[in-house]
Amino acid sequence: MPDSLVFPYYPINDFGPAMKGMVIGGLGIFHVFLAQFAIGGGLLMCYLEWLSQCGKSPDARRFVDNFFKLLVLISFVVGALTGVGMWFTSIQVSPRTIGLMVGEFHWIWAIEWTFFCLEIVSGYAFYRYGERLDDRSRLRLLAVYSLAAWFSLFWINGILSWQLTPGSWVETRNVWSGFFNSSFWPSLIFRTIVSMTIAALVACVVINTMGALDRAARTVLINQSARLLTPMLAMPLLGLWYFASIPADSRAWALGANVPMMMFLVLSIGMSLMIGLYAVFGLIRQKLYVNGATATLLCSLAFAATAGGEFVREGVRKPFTIRETLYSNSIRRGEVEALREKGSVTDDPYPLRHADALPSDQLRLGAKVFRFQCSVCHTLDGANALVHLAGAWSTEQKRVNIARLQRTKTFMPPFAGNPEECEALVQYLEWVVADSPTTWPVSDDRAVLARIQQGLQEAGTQPGEMFTHPARRESR
Amino acid sequence: MGAPFPFDFPLPTAFYLTLYLATLVIHVAFMNYVLAGSAYLAAFAVRHGRDSNRLTDHPLAGPLRDWMPFMLSAAITAGIAPLLFIQILYQRQFYTANLLLFHRWMAILPVLIVGFYLLYLLKSRIIGEASFVWRIVVGCGAFACFAFVAWSWTENHLLSLNESAWSDQYASGRLFFRDPELGPRLAVWFTGAFPTMATIVAWQWWCLARLGRPVPATANQSCTRLALSGLATAIASAAWYVENLAPELRDQLVSSAYRPYLAAALVGVILQAAGWLAGRNQAGLQRGRLVLISAGWLLTVVGVSVLREGRRLAAIDVTALYDLHADAATVGGLAVFLVFAALNAGLIAWCLVTVRRGVRNQAP
Ligand code: HEM
């Protein structure tokens, strides 16, 4: 059985002091913010165009034409390219994850692509010719544009929410049961509201730059745009619905079991709350004017909230990138057992980049194991550094805790190598902690390997369980 | 290999290959417009110096400058579809090349963003009023961006085919991959982009004429000259490319599976040349002639794309991938895709009709 496993090894790059998750999270924030701006922007412009055509807003039409130019200039360009960028970054961070996603959902992506095409044609048509069209065509073109933009959210949302809550897809492998998963609707509605919020806030900034309008006219436009902030009132409920729909351990990470993640969540909620309060009391009830600086500040808050949200979303999937299926380090759940027998890097064709700097074969093996199994979440001495996390541990503690990795912290996958690899990794960490001396003794004590083997067996090959009582765990 | 491509492959493989090629051809059309168009605009800015801005009604520079940003959006969007299918067809090859080139590969994104804004700048009033030196800088800068992107795709492609080089490439940490095919291959793409661009510009003038816009007297001649010189240099580049190719790869291209496509490409070139030559002294751009040229273009590009695939398939063991393709073909969603593809194609057509009606009604 182990021999039949052909593991698809990919070259693994070193991201320097950053964790790979940070890279994808960082780009993700920009992309999500811009994409949501485009979606909400479509809805906002439909609304204002409609107001203008009903005679309820004399300056809305001018605003729509202005705002659309900005939308095209920013979101067509940077939004579209950061979208491709997300794809490329996903390949860099975890080729197997994106490969599996493409395999399962390529028709969903193909559908999304037809909406992209519609979005750029309708958007560009409005951008170029909108000012020369009659009212009915204008409104319809805008409606088609915003529908296309919103539907691209609809489709991608199914794939992204599936990563965290694949539900019955795990057994059925049915595309639609994966797509309409338990967090699909709460996250779709939530993101739609976020889109409207971002668009309304950006609109407030743009309206402030329209020097040709007097302050009264601008106030009217601002208050009309701010109506898109009203749905924010539903956010707390949607948030609860969302949290109810995700796995219990993911919920627990965000709600306190993992401190950085909770901080991001609190940041996100705090920022949203500030925007929401300002919107409801200032803009909607009191019909206040908001100046350019305040509007820009509110936009920055929205950006920070998006940032927090995206980090949490990327974070709570641990130890999986696709729940119950694929671990963050690109090992499938069912492959751990075979890799434990065969050795996780035995067939890895990619050499180490600085092999000569390491004094022994054992350390070279350890470095390869680190690269393959740990480097997606840890650096040696940068972010989430192993030297800092485990530096103070004794050698024996390192052995025990790495052999039973999924129990050391349940958001780590099980160790997927043989005892020799585990010991090599331990020696490698010791060597790094000792400041990389030029000589290092080889550790090949049989008794040590036997103890590691026992630890591996006790831990098992399944993911760690946060909510199983330790006593029950032992008795299994 | 007996039957013509792709009939010798199992159905799932043939299916995804066909989809990949069909969508790649769309990407090529827009990408060619951007690549050749930006090269033309850069050369134009250099050649006409101070005057380059006054020549707004130039038969090529005018529409190019105006339409370039949209065409770039279209090239990017059209690129997403083959990007999807390539991940099903050659997942490991494509991803590995991406990973090996690392920062060098990821650089195409910021470079495209810069290129995009340079194109907007190029058509803006600001640059029109600025010193001509700025127009040269911006024009050449935009072209440099797209040339870099084309080079990156070609390099990535060649690296993805060369599995024996992967391990060394990784160990060395090099961000560039040198390959004797790189130069000639890029030359084919670059020179071949001009006939495509000239054809699209010719259609643009044809549409404008129908909308009542005056067409410059030299439009036909300019397009013809550009297309014919593009065709001639593309043929020379292709000859250079084939000469540099290993003999067994050359044999693959004339094997029975690929011979029909070689023939199609050549017939396409002849049709294009004939179409351009036949009307070279005429004043206008007639629809019949443009249809003939476009049909020739399609034959050539489809033929060349399939030959390009033949070169790839000669380098990798595709039989090992059959199971993966068959596996991918079992997932659902195709029917829903077809429904939405039809629906959205309809909506796109509706947008175009609406705009045309609107513009006609407003025309003086
Ligand atoms: C202006 C920008 C671009 C230019 C000039 C360009 C140019 C090219 C060239 C020259 C090739 C052929 C490579 C070869 O066969 O040697 C190619 C292939 C391709 N391009 Fe583009 N490209 C551009 C943007 C994009 C974007 C943004 C995407 C993705 C969204 C894309 C997707 C593809 C795909 C999937 C292929 C096929 C690759 C393969 O089969 O290995 N392109 N492009």
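Residues numbered from 1 in each chain as written. Chains lettered and ligands numbered in written order. Predicted model: local features only at pLDDT ≥ 70, side-chain atom pairs only at ≥ 80, totals over all residues. Heavy atoms only, no water.

Asks: Could you give an account of the overall build of chain A, with specific residues and numbers?
Replies: The helix and strand tally for chain A stands at 20 helices and two strands. Buried positions account for 60% of the 476 residues belonging to chain A. Restricting the contact set of chain A to residue pairs at least 6 apart, pairs at least 24 apart contribute 76%. Between the averaged position of the 41 positive side-chain charges in chain A and that of its 36 negative side-chain charges there is a distance of 10 Å. (Helix = DSSP H or I, 4+ residues; strand = E, 2+ residues; numbered from the N terminus. Buried < 20%, exposed > 50% of the residue type's maximum accessible area, 1.4 Å probe, protein only. Contact = heavy atoms within 4.5 Å. Lys, Arg positive; Asp, Glu negative; His and termini not counted. Charge placed at Lys NZ, Arg CZ, Asp CG, Glu CD.)

Asks: Please give an account of the packing of aromatic side chains that cites residues and values.
Replies: Here the structure, examined in full by the defined rule, presents 67 aromatic pairs over all chains. Consider the rings of Phe94 of chain B and Trp153 of chain B, whose centres lie 6.4 Å apart with planes at 20°: the pair is stacked. Here Trp153 of chain B lies in helix 7 (residues 132-161) and Phe94 of chain B lies in helix 3 (residues 91-101), a separation of 59 residues in the sequence. With relative accessibility at 3%, the residue Phe94 of chain B sits in the buried group. When the ring of Phe148 of chain B is compared with that of Trp151 of chain B, the centres are 5.8 Å apart and the planes differ by 85°; the resulting orientation is edge-to-face. Of the two residues, Phe148 of chain B and Trp151 of chain B both sit in helix 7, three residues apart, roughly one turn of that helix. Three or more aromatic residues link up through ring pairs in this structure, and these residues are Phe115, Trp150, Phe151, Phe154, Trp155, Trp176, Phe179, Phe180, Phe184 and Trp185 of chain A together with Phe340 of chain B. The side chain of Arg353 of chain A reaches across the aromatic face of Tyr170 of chain B, ending 4.1 Å from its centre. Lying over the aromatic face of Trp151 of chain B, Arg104 of chain B brings its terminal NZ or CZ to 4.3 Å of the ring centre. (Phe/Tyr/Trp six-rings, centres within 6.5 Å; stacked < 30°, edge-to-face > 60°. Lys NZ or Arg CZ within 6 Å of the ring centre and 35° of its normal.)

Asks: Can you break down the domain arrangement of chain A residue by residue, with the values?
Replies: Size of an interface: often given as the accessible area lost when the parts come together. Residues and elements named next belong to chain A. Annotation of chain A at the domain level lists domain 1 (20-326) and domain 2 (333-475). Placing the centre of domain 1 and that of domain 2 at their C-alpha centroids yields a distance of 40 Å. Tallying the contact residues gives 16 residues for domain 1 and twelve residues for domain 2. When domain 1 packs against domain 2, close to 1200 Å² is buried across both sides, 66% of that on carbon and sulfur atoms. Three residues, Lys20, Trp253 and Pro319, lead the burial of domain 1 against domain 2; their summed loss comes to 38% of the area buried on that side. Joining domain 1 to domain 2, the criterion identifies two salt bridges. (Domains from an automatic or database assignment. Buried area = accessible area lost by both parts, 1.4 Å probe. Salt bridge = Lys/Arg side-chain N within 4 Å of Asp/Glu carboxyl O.)

Asks: Break down the site of the ligand for me, citing the residues and quoting the values.
Replies: What surrounds the ligand is a group of 24 residues, the closest being Tyr20, His27, His157, Arg185 and Arg308 of chain B. Neighbouring residues of the ligand are not confined to one chain but are distributed across chains A and B. At 3.4 Å, a side-chain N or O of Trp153 of chain B approaches a nitrogen atom of the ligand. More than half of the atoms of the ligand fall within 2 Å of the grid points belonging to the largest cavity. Elements that contribute at least two residues to the shell around the ligand include exactly helix 1 (11-48), helix 2 (61-89), helix 7, helix 9 (182-210) and helix 13 (287-315) of chain B. (Near = heavy atom within 4 Å. Polar contact = N/O pair within 3.5 Å; in protein donor to acceptor, adjacent residues only side chain to side chain. 1 Å grid on protein atoms, 1.4 Å probe; cavity = no way out; pocket = protein on both sides within 12 Å on 5 of 7 lines; lining within 4 Å. Sits in = over half its atoms within 2 Å of the grid points.)

Asks: Outline the coordination of the iron atom of the ligand, supporting the account with residue identities and numerical values.
Replies: Donation to the iron atom of the ligand from the protein comes from one atom only, His27 of chain B (NE2), at 2.1 Å. Along the chain, the position of His27 of chain B falls in helix 1. (Donors = N, O, S within 2.8 Å, 3.2 Å for Na, K, Ca; no water.)

Asks: Give me the lowdown on the environment of His27 of chain B, citing residues and values where you can.
Replies: All names here are of chain B. On the accessibility criterion, His27 (18% relative accessible area) is buried. In the structure, His27 is positioned 103 residues away from Ala130 in sequence and 34 Å away in space, judged by C-alpha atoms. Among residues more than four places away in sequence, those in contact with His27 are Ala75, Ala78, Gly79 and Pro82.

Asks: An account of the interface of chain B and chain A is needed here, citing residue identities and associated values.
Replies: Opposite the 65 residues of chain B that make contact, chain A presents 60 residues. At the boundary of chain B with chain A, total buried surface from both sides reaches about 6100 Å², with 75% on carbon and sulfur atoms. Remark: the boundary between chain B and chain A carries one salt bridge. Counting only elements with at least two residues in the side of chain B that touches chain A, the list comes to helix 1, helix 2, helix 3, helix 4 (103-106), helix 5 (108-123), helix 8 (166-172), helix 14 (322-328) and helix 15 (334-362) of chain B. Its residues placed into classes, the side of chain B that touches chain A shows 47 nonpolar, 14 polar and four charged. (Nonpolar A, V, L, I, M, F, W, Y, C, P; charged D, E, K, R; others polar.)

Asks: Break down empty space enclosed by the protein for me, citing the residues and quoting the values.
Replies: Under the counting rule described, the total for this entry stands at six cavities of 30 Å³ or more. Within this model, the largest cavity holds a volume of roughly 670 Å³. Residue assignment for the lining of the largest cavity shows that the elements contributing at least two residues are helix 2 (60-93) of chain A together with helix 1, helix 2, helix 5, helix 7, helix 9 and helix 13 of chain B. A class-by-class count of the residues in the lining of the largest cavity yields 24 nonpolar, six polar and three charged. One number sums up the size of the second largest cavity: a volume of about 210 Å³. Looking at the second largest cavity, it is lined by 21 residues, and the ones nearest its centre are Ile12, Val93, Pro95, Asn329 and Ser330 of chain A. (Points joined across faces, edges and corners; volume = space filled by probe spheres on them.)

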